[in-house]
Amino acid sequence: MDGLSEEQRLQSAKTLTAVLYALYAASCLFGVTAVVAIIVNYVKRDDVAGTYLESHFRWQIRTFWFGLLWMVLGWLTLILLVGWLVLTANGVWLIYRIVKGWLHLNDGKPMYPPAGAL
């Protein structure tokens, strides 16, 4: 037992989640930070299972993989000039996802509504 209360564990996980959002934001300048963040997402995923932070980890993981997909498609179509549009749209979408996630985290809200809440 590590001696931490459940509240302390949740606060620690919330801090880690904020750090991961910062790493994803830094990836706009230094792409390698997103790789570090996705590795941490997968390694620490079990630590947030069953908490509202689990939805943030899912949000971050999906943001990484879809962002990577659209970045690759953008680079592949760059010669057709449509790639510039794809890369620009992807950049805007990534910023939106990071900001929305960070704001929800700051408010202590999950990223997805609970099942049956609609």
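Up top is the structure.
Structure report, in brief.

Scoring rules and cut-offs
- Residues numbered from 1 in each chain as written.
- Predicted model: local features only at pLDDT ≥ 70, side-chain atom pairs only at ≥ 80, totals over all residues.
- Heavy atoms only, no water.
- Core = buried A, V, L, I, M, F, W, Y, C linked by side-chain atoms within 4.5 Å.
- Buried < 20%, exposed > 50% of the residue type's maximum accessible area, 1.4 Å probe, protein only.
- Helix = DSSP H or I, 4+ residues; strand = E, 2+ residues; numbered from the N terminus.
- Contact = heavy atoms within 4.5 Å.
- Axes fitted to C-alpha atoms, helices over the stretch in contact; angles between N-to-C directions.
- Parallel < 35°, antiparallel > 145°, perpendicular 65-115°, else oblique.
- Left-handed = near helix turned anticlockwise from the far one by under 90°.
- Nonpolar A, V, L, I, M, F, W, Y, C, P; charged D, E, K, R; others polar.

Let us look at the nonpolar core. If you look at the biggest cluster of nonpolar residues, it comprises 16 residues, and the most contacted ones within it are Tyr 21, Tyr 24, Ile 38, Val 48, Leu 53 and Phe 64. Breaking this core down by element, the ones donating at least two residues are α1 (6-26), α2 (32-44), α3 (53-76) and α4 (82-106). For this core, the leading source of residues is α3, giving five residues. Sequence-distant contacts of Tyr 21, that is, excluding residues within four places in its chain, are made with His 56, Trp 59, Gln 60, Arg 97, Ile 98, Gly 101, Trp 102, Leu 105 and Met 111.

A few words on the packing of α1 against α3. Where α1 meets α3, the closest approach of the two axes is 10 Å, and the angle between their N-to-C directions is 15°. The orientation of α1 with respect to α3, classified from their angle, is roughly parallel. When the axes of α1 and α3 are compared, the crossing they make is left-handed. The residues of α3 that touch α1, namely those facing Leu 10, Ala 13, Lys 14, Leu 16, Thr 17, Leu 20, Tyr 21 and Tyr 24, are Leu 53, His 56, Phe 57, Trp 59, Gln 60 and Phe 64. Taken together, the residues that form the contact of α1 with α3 break down as ten nonpolar, three polar and one charged.

These values are about where atoms sit, not about what they do.
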